[in-house]
Amino acid sequence: MRFSEEVVKLKDVWVAYSGSDRPAMRNINLTVSLGKLLLITGPNGAGKTTLIETCLGLLKPYRGSAYLFGVDTRSWRVRYSRKMCGFVPQDFMKPPFETYTVRHVIRLGFAPYKSIFESLTEDENRRIQRISELLEIEDLLDRPIGTLSGGQQQRAVIARALARRPKALFLDEPFSSLDREGRKLISSVIREYVDSEGASVIIVSHDVNPIIDYADIVVKMENGRIISGEGYA
Amino acid sequence: MLEFLGLALLAAVLSGNLCGAIGFYVQRLKITTLSFSVAHAALAGASIGLILNLDPVYSAMIVAVASALILGVIFTRVEYGRELISMAVFSTSSAIAVFAIYLSNVRVLATASIAVVLWGSLLAITVEKLILLLLTLFIFVLYILAYKIQIDSMLYDVKMAEAEGINVQMHMLIMLFFAGLIISSSLRLTGGFLVFTLLYNPVAASFQISRRAHMQLLVSSILGASSASSGLIVSYILDWPVGATIALVSSIILLSAYIAKIIVEAARRRCLSCPMLG
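Note that the structure is a prediction, hence the values are computed from the model and not measured.

K.L.:
For the packing of aromatic side chains, give the residues involved together with the corresponding values.
P.N.:
Evaluation of the coordinates by the stated rule reveals eleven aromatic pairs over all chains. Note on Trp 76 of chain A and Tyr 80 of chain A: the rings are 6.1 Å apart at their centroids and 75° apart in plane angle, and the pair reads as edge-to-face. Residue classification places Trp 76 of chain A among the exposed positions, given a relative accessible area of 61%. Counting every residue linked through ring pairs, the aromatic cluster contains Phe 24, Tyr 25, Phe 140, Tyr 143, Tyr 147, Phe 177 and Phe 178 of chain B. For the cation-ring pair, Arg 79 of chain A lies above Tyr 80 of chain A, with the distance from its terminal atom to the ring centre recorded as 4.8 Å. Directly above the ring of Tyr 156 of chain B sits Lys 94 of chain A, whose terminal nitrogen or CZ lies 4.7 Å from the centroid.

K.L.:
Hey, could you go over the domain arrangement of chain A for me, with residue numbers and the actual values?
P.N.:
All names here are of chain A. Under the domain assignment, chain A is made up of domain 1 (1-84 + 166-233) and domain 2 (96-165). Relative placement of domain 1 and domain 2: their C-alpha centres are 23 Å apart. On the side of domain 2, 15 residues touch domain 1, which itself brings 18 residues to the contact. Of the roughly 1,400 Å² buried where domain 1 meets domain 2, counting both sides, 63% is carbon and sulfur surface. Here domain 1 and domain 2 share one salt bridge between them.

K.L.:
Account for the packing of helix H11 (residues 213-238) of chain B against helix H12 (residues 242-273) of chain B, with residues named and values stated.
P.N.:
The description of two packed helices rests on the angle between their axes and on the distance between the axes. Residues and elements named next belong to chain B. Close contact between H11 and H12 brings their axes to 8 Å; oriented N to C, the two are set at 130°. As the angle between them shows, H11 and H12 are arranged oblique. In this structure, H11 meets H12 at a crossing whose hand is right-handed. Of the residues in H12, those touching H11 at Leu 223, Ser 227, Ala 228, Ser 230, Gly 231, Leu 232, Val 234 and Ser 235 are Val 242, Thr 245, Ile 246, Val 249, Ser 250 and Ile 253. In terms of residue class, the contact of H11 with H12 is built from eight nonpolar, six polar and no charged.

K.L.:
Please give an account of unusual backbone geometry that cites residues and values.
P.N.:
All names here are of chain A. Backbone torsion omega between Asn 209 and Pro 210 reads 0°, so that peptide bond is classified as cis. Checked against the element boundaries, Pro 210 lands in the loop between strand E8 (200-204) and strand E9 (217-222). Positioned with a positive phi, Arg 165 is a non-glycine residue whose angle comes to about 50°. In this structure, Arg 165 sits in the loop between helix H5 (150-163) and strand E7 (168-172).

K.L.:
How would you explain helix H1 (residues 48-55) of chain A if you had to name every residue and give the values?
P.N.:
Since the α-helix packs 3.6 residues into each turn, any two residues three or four apart lie on the same face. All names here are of chain A. Across the eight residues of H1, seven count as buried, placing the element largely inside the fold. Within H1, burial applies to Lys 48, Thr 50, Leu 51, Ile 52, Glu 53, Thr 54 and Cys 55. In the stretch just after H1, Gly 57 is the one whose phi turns positive, near 80°.

K.L.:
Outline the pattern of salt bridges, listing residues and values.
P.N.:
Residue and element names in this part refer to chain A. The full count for this structure, using the stated rule, is 16 salt bridges over all chains. Measuring nitrogen to oxygen at the nearest pair gives 3.7 Å for the salt bridge that ties Arg 155 to Glu 136. Of this pair, Arg 155 sits in helix H5 while Glu 136 sits in the loop between helix H4 (122-134) and H5; the two residues are 19 residues apart in sequence, bridging distant segments of the chain. You can call Glu 136 exposed: its relative accessible area is 53%. Among the charged side chains, a network of salt bridges with common partners joins Lys 114, Glu 118 and Glu 124.

K.L.:
Would you mind going over the nonpolar core in detail, with residue names and values included?
P.N.:
Phe 170 of chain A together with Met 175 of chain B are the most contacted members of the largest nonpolar core, which has 151 residues in total. At twelve residues, helix H1 (residues 2-28) of chain B tops the list of elements feeding residues into this core. Looking at which domains feed residues into this core, each of domain 1 (1-84 + 166-233) and domain 2 (96-165) of chain A supplies at least three. Among all residues touching Met 175 of chain B, those that are not within four sequence positions of it are Ile 22, Tyr 25, Leu 29, Ile 31, Phe 140, Tyr 143, Ile 144 and Ile 151 of chain B.

K.L.:
Describe in detail the pairing of strand E4 (residues 63-68) of chain A, supporting the description with residues and values.
P.N.:
All names here are of chain A. Where strand E1 (residues 6-15) meets E4, five bridges bridge the pair, whose relative direction is antiparallel. Looking at E4, one finds that Leu 10 is bridged to Ala 66. Where E4 lies against strand E5 (residues 71-72), two bridges are found, and the strand directions are antiparallel. Within E5, the residue paired with Tyr 67 across the bridge is Asp 72. Here E4 folds back onto E5, and the loop between the two strands holds two residues, one of which, Phe 69, carries a positive phi near 50°.

K.L.:
Describe helix H6 (residues 180-197) of chain A, and please don't skip the residues or the numbers.
P.N.:
Residue and element names in this part refer to chain A. Taking 1.5 Å of rise per residue, the 18 residues of H6 would be expected to cover 26 Å, and the 26 Å separating its terminal C-alpha atoms lies within 8% of that figure. Within H6 the residues assigned to the buried category are Gly 182, Arg 183, Leu 185, Ile 186, Ser 187, Val 189, Ile 190, Arg 191, Tyr 193 and Val 194. In the segment just after H6, Gly 198 is the residue with positive phi, at about 65°.

K.L.:
Just give me the short version of the interface of chain A and chain B, but keep the residues and values in it.
P.N.:
Opposite the 35 residues of chain A that make contact, chain B presents 26 residues. When residues of chain A are sorted by the area they lose upon contact with chain B, Tyr 100, Phe 117 and Arg 160 of chain A head the list and together hold 19% of the total. With a closest N to O distance of 2.8 Å, Arg 160 of chain A and Glu 164 of chain B form a salt bridge. Summed over the shared surface of chain A and chain B, the number is eleven residue pairs in polar contact (both at pLDDT 80 or more). The set of elements that each furnish at least two residues to the side of chain A that touches chain B consists of helix H2 (78-82), strand E6 (85-88), helix H3 (102-108) and H5 of chain A. For the side of chain A that touches chain B, the element with the highest residue contribution is H3 of chain A, accounting for four residues. Here the side of chain A that touches chain B is composed, by residue class, of 19 nonpolar, four polar and twelve charged.

About the cut-offs
Residues numbered from 1 in each chain as written. Chains lettered and ligands numbered in written order. Predicted model: local features only at pLDDT ≥ 70, side-chain atom pairs only at ≥ 80, totals over all residues. Heavy atoms only, no water. Phe/Tyr/Trp six-rings, centres within 6.5 Å; stacked < 30°, edge-to-face > 60°. Buried < 20%, exposed > 50% of the residue type's maximum accessible area, 1.4 Å probe, protein only. Lys NZ or Arg CZ within 6 Å of the ring centre and 35° of its normal. Domains from an automatic or database assignment. Contact = heavy atoms within 4.5 Å. Buried area = accessible area lost by both parts, 1.4 Å probe. Salt bridge = Lys/Arg side-chain N within 4 Å of Asp/Glu carboxyl O. Axes fitted to C-alpha atoms, helices over the stretch in contact; angles between N-to-C directions. Helix = DSSP H or I, 4+ residues; strand = E, 2+ residues; numbered from the N terminus. Parallel < 35°, antiparallel > 145°, perpendicular 65-115°, else oblique. Left-handed = near helix turned anticlockwise from the far one by under 90°. Nonpolar A, V, L, I, M, F, W, Y, C, P; charged D, E, K, R; others polar. Core = buried A, V, L, I, M, F, W, Y, C linked by side-chain atoms within 4.5 Å. Pairing = 2+ DSSP bridges. Expected span 1.5 Å × (residues − 1). Polar contact = N/O pair within 3.5 Å; in protein donor to acceptor, adjacent residues only side chain to side chain.

Now the structure itself:
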């Protein structure tokens, strides 16, 4: 299957939630190519999460078209494009009784690449180890994720996204539970990932420090519209 | 007589086990309403079997599996109003079931064939049905093992799994397919109106007993099997309707699990506030 070099392409996209009389996102035009770090910022309710979920095809536009690696997100084939993506949702926190260990959670990121009865390769296990060292969570690998703090859980989910070696990484408020040191570390790791892998990273964050120093393009949103940075990234 | 009771007991253990396990998955994947509709579609199918003079298990299986697949496909196309679609299928299935029973040649409600469909029967368990249950169990376990990492990923976080490229719709469809298959295989034992108690009560009880996902699956399967087998024994001893007795036993187990949880939590709170420990 052939994929476009354009990671995301949104053409006059309008998205609305069920029961709402006004669109959560209106008339959005955005193209993101490979090798860019895009920061989407704006106040609460600006439509940032809607935008990231529309890019991944988790939400479908009722007007306009959205493409992920050149595949229309309304098509069933978008699943193949998603295999090239990593995603960290805003609501990543798990309750204290969630018993999956951090190692298990990161391993689950490889699930879409596995055929029946297939388990992880040595190389993939080594990658999990390497990424967790990079994000300073190697001591937490065998701890149940539910027993960890918000910041530790957030690092674990980012590690899962990075371990997949995605061509596009979508991070929804990835700094929300991190302290200053944590934000700095994650920001530099993400920048390094973009440069070394030639991948694209799309970050949604209302708090722009310190990631704004690492971003190639900053897009500002308000009331479901892009107010600056619209167009080609 | 003992041989026949042994057969029924084995079928009860298998049915209960399967219902408990599929109940866990449908609950964790948040497709409980869908499975509820599928359970009623099975009842409609069994009732249609009465009119057409077919084995109700097979007609239930055809209708339940077909409705599971149709609902699954509709759900991949429709984003909003899914609950309402499920409820529409549930009401339509119930109406078809009642109509089919009315239209069937049998005039008295207590007649054996109708009783099997509605309330379940000990006498309805045959070697053929037992093999069907064993086959269902085998295919279900095979599926769970083959797609373990994908299913685990969905159980952990469905949204993340979908965003990463797992075919969530296909797995939901397969789970619904198994729900249809398991419900219709268990129909003869518990009856169409009570089969879903074996689907939901064990998993609800397991949630009171453990908060760990894998433990919940195990406990739910064990409670399903023990509810069905002990319900069957009680119904045999007291000459009660088997489906209703199984439903009662599973409800008692659920209630006991709930009460036990309250007692354990109260004791834990008392221990924490104990001055010696505090």
